[in-house]
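What follows is the residue order along each chain.
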Amino acid sequence: MDEKIFVCRCEEVTLEEVRRYIRMGFTTFSELKRLLRIGMGPCQGRGCREIVLRELSKAKGVSISQLSPGTFRPPSKPLLAGLLSDVESKKRG
Amino acid sequence: MERCNDGVRKAMYVIRDHPILQFSRGRKVIFYHDGRPLEWYENEPIAVALYANNVKVLSYTKKYHRPRGFFCAIGKCSSCFMKVDGLPNVRTCITPLKEGMRIETQHGLGRFTESSTLALEEPQGSSIVQAEVLIIGGGPAGLSACLEALRWGCKVTLVDESLRLGGQLIKQTHKFFGSSKDFAGVRGIEIAQILQRQLSPYIGSGQLKVLSNTSAVAYYAKENVVLCEQSEKRLFMIEPEAIIVSTGAMEKLVPFVNNDLPGVYGAGAVQTLMNVYGVLPGKRVLMVGAGNIGLIVSYQLLQAGAEVAAIVELAPSVGGYWVHAAKVRRLGVPILLRHTVKKVVGESHVEGAVIQEVDEKGELIGEEKFVECDTVCLAVGLSPTVELFWQAGCEMAYVNDLGGFVPKRDHTLRTSNPRFWVAGDVAGIEEATTAMLEGSIAGLSVSRALNRVDESSFESRLEGYWNKLNELRMGETSYRVRRGLSQVFIEGSLPLFQLVGDSPLEDRLQDEQFRSGVLSENMVETVAPPMELWKKKKNGLVIIECPQKIPCDPCHANCPTGAILPFENINDVPRIDYSKCTGCAMCVAACPGLACFVADISGEQAILKLPYEMLPKPQVGDEVVCLDRCGREVARSKIVRVQEPRKDKTYVVHVVVPKDLVMHVRTVRMIDRG
């Protein structure tokens, strides 16, 4: 098996990739998310967000508290589309 | 592969005997894994059922087709996705096993089986449910918040993701620290039961509604609704007047090579597996992290019958309570300070790990070392589960000392969104005792906001809770928590929170041995009783090896003669009036840190009275190996007396040792009776 260090288990993004993209100039969590899908998998960034922010903080020389962790869009876990449409139709009455 | 007569594979990792726990299992049912029949107990999580049957790979990933197992085992990380009865992406760590279930290894994103019909539940009434107080998360904080709010007459809806209430309490087999007036000396599993017993009348009366196996997956601020999903079958919204979020935390992932390999598990997952469901995660474990969780779980692994190869810790000293470190050291587990995991090796499952020393700056130095193990347990810290606060627009702060982003709050734990309160680990990583107090504060504050509590009762009760919290946070190991909390109170709120407390000695002032949980040579003398009295005292005198200021008092509370003096501050180290000590060993059985011992040197040979919480159960006449503080064999002996546990499961065993070993021997290991 290839030797990989994973930052994001869900979307299989490696530390090497994150660092490469940061070097390319993508220095916000949101940019990395859009480009690498980091934090967009089923756990919604619960595992990776902090590691990425730490990398960004090191690269930019600022503390994590000054970095934006990106948007936390609902839902925080995968839902059945059938269930969603069910709720929607009931809401409309 | 071993097979039973009926062709069902035999469970290989099942814990049959445990010194503390009894596993009440339900009905055994047959289910199918990739078409092959297996059996396990109904209603336990699917992932547990598979693990017990030696199935550790649950899926193959979509990009690199790598094998995946579970990681958090509490429904948070979604690493455990499998296809269940035709439905892909089911979180098998919190989905209960049913008879005849067809479970399939998921490849990539997973596809629906075309013929599968999904068992969606018939909608029950409206999809929007009203709630006065909604509490999200039924761990120590959430359950305490429930109790407090119910006590004042609030109507409460409790939403909890797991199959069993109690959060992480249900896997804590160790006795709690803190005050004996609260839960000190009681094991976490029992605390969970006590809290649930207190809640049950409210369920009966309808004042409390509990929704188990239900996840709060979103908060929509404009509409003020929380979207909830129950057992993958029902989706509904709750429109609450007030919300207490006590969602806890998730294990942090550590970046090292192959950190996604099955066998790399969060400490919470390991505890779930072995302490809730009686399934061993592995035979030989490498623990990463020597905070309280790493130390406690290591001890629990030993109790469950696994071997702990080592504990590696990046910091120059153990981060958890020193007594917890001493407990595992004397059982022979090495704690390697300033070490890190570099890489895990294995094809489809962990077969070993490469560790290396780091210098003060965190740079790798020295030679790589290979550790043979089948499990790597991560206990490097937790991240608060805070999505709902972000969605609610709460003001957040990144505080490293508290584990990451946490919501700012006032002294009643209300956040900047007036509908939201916070309590427990999600407010900052601490431990269950403080989480319960925070839950009580949040429950009280909600009740006040809903006008159920009059001003003066509110103020006095609030102050009472804060006094306890401040006291618990005064110890040496809480200094980071105090530092972190000083940054999270909303400006203008007058916190009852106090910054005072003890700081640990600087690392350079202590020797390496002490920093990894073994009493320094020069400290051994200071814990020995005064020789003149000791020599004469039949039945012996107490020796307490508890050098660190932590909040704990059961040694005093259980001392029938007053020899262990009252604590002025609960964080003080114990003080002893030796003239009153009768060597009864009540403190030996009661101490949550197993740091009390009794030595009788009045006879020809010395008798040591030692705490014992391992298997096999001790009997008079059993041959034992005597171990010193580092787990080295220093003598062989026999058990001459066993004090049965009075109210708990800790035995006190009496062993005869040569007098010159009285200050060396600190535990025993049974020699096989067979």
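Keep in mind it's a predicted model, so treat the numbers as computed, not measured. (Residues numbered from 1 in each chain as written. Chains lettered and ligands numbered in written order. Predicted model: local features only at pLDDT ≥ 70, side-chain atom pairs only at ≥ 80, totals over all residues. Heavy atoms only, no water.)

(A) Examining the overall build of chain A more closely. Looking only at helices and strands, chain A has four helices and two strands in total. Each helix (α) and strand (β) of chain A, taken in turn from the N terminus, gives the series β-β-α-α-α-α. For 93 residues, the compact-globule estimate of 2.2 N^0.38 gives 12 Å, and the C-alpha radius of gyration of chain A, at 16 Å, exceeds that figure by more than 25%. Taking the principal axes of its C-alpha atoms as reference, chain A extends roughly 55 × 40 × 20 Å. The buried share of chain A, reckoned over its 93 residues, is 49%. Accessible surface, chain A: about 4,500 Å² in total, of which carbon and sulfur atoms supply 50%. Charged side chains in chain A number 18 positive and 11 negative. The centres of these two groups are separated by 7 Å. (Helix = DSSP H or I, 4+ residues; strand = E, 2+ residues; numbered from the N terminus. Rg over C-alpha atoms; globule rule 2.2 N^0.38 Å. Buried < 20%, exposed > 50% of the residue type's maximum accessible area, 1.4 Å probe, protein only. Areas by Shrake-Rupley, 256 points an atom, 1.4 Å probe, with all protein chains shown as cover. Lys, Arg positive; Asp, Glu negative; His and termini not counted. Charge placed at Lys NZ, Arg CZ, Asp CG, Glu CD.)

(B) Fine view of the pairing of strand β33 (residues 651-657) of chain B. Residue and element names in this part refer to chain B. The buried count for β33 comes to six of seven residues, which makes it a mostly enclosed element. Here seven bridges tie strand β30 (residues 606-612) to β33, and the two strands are oriented antiparallel to one another. Bridge pairing links A606 to V657 in β33. The pairing of strand β32 (residues 633-643) with β33 spans four bridges and is classified as antiparallel. (Pairing = 2+ DSSP bridges.)

(C) Main features of the sheet that holds strand β20 (residues 339-345) of chain B. All names here are of chain B. Strand order in the open sheet formed by three strands is β20-β21-β22, with antiparallel pairing between adjacent strands. Unpaired on one side and paired on the other, β20 and β22 (364-372) mark the two borders of the sheet. On average, each strand axis in the sheet is tilted by 25° relative to the strand beside it, whichever way the strands run. The pairing of β20 with strand β21 (residues 352-358) spans six bridges and is classified as antiparallel. Note on β21: the bridge partner recorded for V344 is A353. (Axes fitted to C-alpha atoms, helices over the stretch in contact; angles between N-to-C directions.)

(D) View of helix α4 (residues 267-276) of chain B. Residue and element names in this part refer to chain B. α4 sits mainly inside the fold: ten of its ten residues count as buried. Inspection of α4 places A267, G268, A269, V270, Q271, T272, L273, M274, N275 and V276 among the buried residues, and these make up the whole buried set. In this fold, the buried residues of α4 make contact with α1 (46-52), β15 (249-251), β16 (264-266), α5 (292-304) and β23 (375-378). Phi turns positive, to about 65°, at G278, one or two residues after α4. (Contact = heavy atoms within 4.5 Å.)

So far we have only geometry, and geometry alone does not tell us how the molecule works.
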